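Letter by letter, the chains look like this.
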Amino acid sequence: MYQIHRPRILRQSSAIRSLVAETILKPSDFILPLFIDEGENVEFEIPSMPGYFRRSIDGTVKEVKELWSMGIKSVLLFVKAPDDLKDNTGKEAWNPDGLMQRSIKAIKDAVAEMIVMTDVALDPYSIYGHDGIVENGEIVNDQTVEALVKMSLSHAKAGADFVAPSDMMDGRIFAIRKALEENNFTKTGIMAYSAKYASCFYGPFRDALDSAPGFGDKKTYQMDYANRIEAVKEALMDEEEGADIVMVKPAMAYLDIIREVKNNVQIPVSAYHVSGEYALIKAGAKMGWINEEKAILESLTSIKRAGADLIATYFAKDAVKLINL
Ligand code: PBG
């Protein structure tokens, strides 16, 4: 009796395993989301995201310098707008001196090569905490798209390398691409949140930015997690409308979607390992029920293996330290 195939041969030592590993994480795979607040010397630990902070611009710039020195090449910016600047039009979103616009400039001034991506959606600026303009209890699509176009142009003008629309309105990628072209922003990219699901895993993020919806939920614009084919349709639409990168979000419960999208588009795919996914690992580790470092590496490797070329994750710094060990 003999065996033709002994798959354990390739697993017998860590040296052989590393020789045949199909998926290898590297620092430039990661996009680190950053939460930014007004003020100076502000460093606020998000209660539901232990070890993760919302900082003022000064601290954010310091952080960005460190990230660059670690080999992390991209950040995704989110700001916490003061309550008195919130309304139903979201107009603070395109204020040339707004917190987002000042943050972009400060980061590019400090580390010119850092790729700055910006969240484009009205929720931090909306009195209703919704991603779009509200009329009669509904989130209106086309007026919101006009606002998102103004917001994107103002980010491009401030120096953003990529705008990242996370709002899930119909037709916004084409509208933003057209406006960028018309205004001569021919080097500004679009990372489209193409398959963004209405997910409970965004909970801690809404804590971080105080942006929970004031009424209802986001199910009339974010996708139903029961659906897979719709994700492919959304990604293909965004590719055709001019997106440079498409995104699937969240990540771990959506690995099938990441693979499906990867197999269907001809542009890079990113995945967003979201706040709730971060919180779960942190909570499990705190209870002593899960090994945090191993959970980070296994999660991120699985997301990349599923087909993500890029991963937005709050664990980017931890991951870089772990893969350099
Ligand atoms: C806002 C936005 C959200 C996230 C990214 N952009 C929240 C939401 O849609 O309610 C979630 C990110 C995370 O949970 O880490 N449009």
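In this text the structure is predicted, and so the values were computed from the model without any measurement.

Each value, and the rule that gives it
Residues numbered from 1 in each chain as written. Predicted model: local features only at pLDDT ≥ 70, side-chain atom pairs only at ≥ 80, totals over all residues. Heavy atoms only, no water. Near = heavy atom within 4 Å. Polar contact = N/O pair within 3.5 Å; in protein donor to acceptor, adjacent residues only side chain to side chain. Areas by Shrake-Rupley, 256 points an atom, 1.4 Å probe, with all protein chains shown as cover. Core = buried A, V, L, I, M, F, W, Y, C linked by side-chain atoms within 4.5 Å. Buried < 20%, exposed > 50% of the residue type's maximum accessible area, 1.4 Å probe, protein only. Helix = DSSP H or I, 4+ residues; strand = E, 2+ residues; numbered from the N terminus. Contact = heavy atoms within 4.5 Å. Pairing = 2+ DSSP bridges. Salt bridge = Lys/Arg side-chain N within 4 Å of Asp/Glu carboxyl O. Phe/Tyr/Trp six-rings, centres within 6.5 Å; stacked < 30°, edge-to-face > 60°. Lys NZ or Arg CZ within 6 Å of the ring centre and 35° of its normal.

Just to check I follow, could you spell out the site of the ligand for this structure?
Among the 18 residues in the neighbourhood of the ligand, the closest are listed as K196, R206, K249, S275 and Y314. A distance of 2.9 Å separates a nitrogen atom of the ligand from a polar atom in the side chain of D131. The side chain of K196 places a nitrogen or oxygen atom 2.7 Å from an oxygen atom of the ligand. When the free accessible area of the ligand is taken as 410 Å², the share hidden by the protein chains comes to 100%.

How should the nonpolar core be read in this particular structure?
Among soluble globular proteins, nonpolar side chains are generally buried collectively. Of all hydrophobic cores here, the largest spans 102 residues; its most connected members are F35, L77, Y272 and L300. For this core, the element with the most residues is helix α4 (residues 141-158), which contributes 7 residues. When neighbours within four sequence positions are excluded, Y272 is seen to be in contact with P33, L76, F78, Y193, M247, V248, K249, P250, A251, E277, A312 and Y314.

Mind showing me how you'd approach the pairing of strand β9 (residues 189-196) here?
In regular strands, side chains alternate between the two faces of the sheet. Here β9 lies mainly inside the structure; 8 of its 8 residues are buried. Strand direction decides the pairing type here: strand β8 (residues 162-165) and β9, joined by 2 bridges, are parallel. Opposite F162, over in β9, you have G189 as the bridge partner. Note that β9 and strand β10 (residues 245-249) share 5 bridges and pair parallel. When the sheet's bridge partners are listed, K196 is paired in β10 with K249.

Would you mind going over the pattern of salt bridges with me for this structure?
If the charged atoms of two oppositely charged side chains come close together, the side chains can form a pair. Under the criterion given, the structure shown has 20 salt bridges. Among the salt bridges present, the one from K178 reaches E182, with a minimum N-O distance of 3.3 Å. Note that K178 and E182 are positioned in helix α5 (residues 172-182) at a spacing of 4 residues, about one turn of the helix. By relative accessible area, E182 is classed as exposed at 57%. In this structure, E260 engages R228 in a salt bridge whose closest nitrogen and oxygen atoms are separated by 2.7 Å. Highlighted residues: E260 in helix α8 (residues 255-264) and R228 in the loop between α6 (203-209) and α7 (229-241), separated in sequence by 32 residues. Residue R228 is classed as partly exposed on the basis of its relative accessible area of 38%. Counted as one network, the salt bridges with shared partners bring together E43, R55, E63, E66 and K317.

So what exactly am I meant to see when it comes to the packing of aromatic side chains here?
Describing an aromatic ring pair means giving the distance of the ring centres and the angle of the ring planes. A full pass over the atoms with the stated rule returns 13 aromatic pairs. Taking 5.7 Å as the distance between ring centres and 75° as the angle between the ring planes, the aromatic pair formed by Y52 and Y278 counts as edge-to-face. Within this pair, whereas Y52 is found in the loop between β2 (43-45) and β3 (53-56), its partner Y278 is found in helix α9 (residues 275-286), the two being separated by 226 residues in sequence. Look at Y52 and you get buried, because its relative accessible area is 8%. What links up through ring pairs into an aromatic cluster is the set F35, Y52, F78, Y193, F205, Y272, Y278, Y314 and F315. In this arrangement the basic side chain of K73 is found over the ring face of W68, its NZ or CZ atom lying 5.2 Å from the centre. Geometry around Y202 places K249 over its ring, the cationic atom sitting 4.7 Å from the centre.

Shape descriptors only; they carry no functional weight alone.
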